[in-house]
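Structure at a glance
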Amino acid sequence: QVQLVESGGGLVQAGDSLRLSCAASGRTFSSYAMGWFRQAPGKERDVVAAINMSGRSTYYADSVKGRFTISRDNAKNTVTLQMNSLKPEDTAVYYCAAHPDYYNDYWLGEYTYWGQGTQVTVSS
C-alpha cells in the first residue's frame, strides 16, 4: 500500500515556475515507477511525465518537453515535478501516481495508487 500526497500547486502567471512535490508513504517507494498526470476541466486525465524506480529513465508528454522536469529522491520518498515557462494551457489538477516497477522503466499503463491532486492555475 502506498499513500501519496501532492503539494505545491497554486495560481501563477504565464511564464512563471512552480514545483510540485509528491510525498509517498511506505518503505518500498524505491520499487515503484512514478508518474505525474493532469486533468483540465472537461478533459481526460493525461500523463505529463513519468520516471522509473531508479530515476534514470524518464518520459515527458510532447506538450511539456523542455519545460517540465520530473525527478525523485528515494531516500526522502518524494517525486518532484519542476514546471517552468508555464502556459495557461497547463492549468489543471495535477496528480501523482505510483505503480510497481516490474521492468525498471517508466510506466505509461494503468497506475495502482493515486494522490488526491493539487490545482495549478496559470493566468495569461
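Above this text sits the structure in question.
A quick note: this is a predicted structure, and the numbers were derived from the prediction, not measured. (Residues numbered from 1 in each chain as written. Predicted model: local features only at pLDDT ≥ 70, side-chain atom pairs only at ≥ 80, totals over all residues. Heavy atoms only, no water.)

Time to look at the pattern of salt bridges. Within the structure shown, the criterion is met by three salt bridges. A salt bridge links Asp90 to Arg38, with the nearest nitrogen and oxygen atoms 2.9 Å apart. Here the residue Asp90 occupies a position in the loop between strand E8 (78-83) and strand E9 (92-100), and Arg38 occupies one in strand E4 (residues 32-39), the gap between them amounting to 52 residues. Arg38 shares its class with Asp90; the two are buried. Across the pair Asp62 and Lys65 runs a salt bridge whose closest N-O atoms are separated by 3.1 Å. The class for Asp62 is exposed, based on a relative accessible area of 68%. Through salt bridges that share partners, Arg38, Arg67 and Asp90 make up one connected network. (Salt bridge = Lys/Arg side-chain N within 4 Å of Asp/Glu carboxyl O. Helix = DSSP H or I, 4+ residues; strand = E, 2+ residues; numbered from the N terminus. Buried < 20%, exposed > 50% of the residue type's maximum accessible area, 1.4 Å probe, protein only.)

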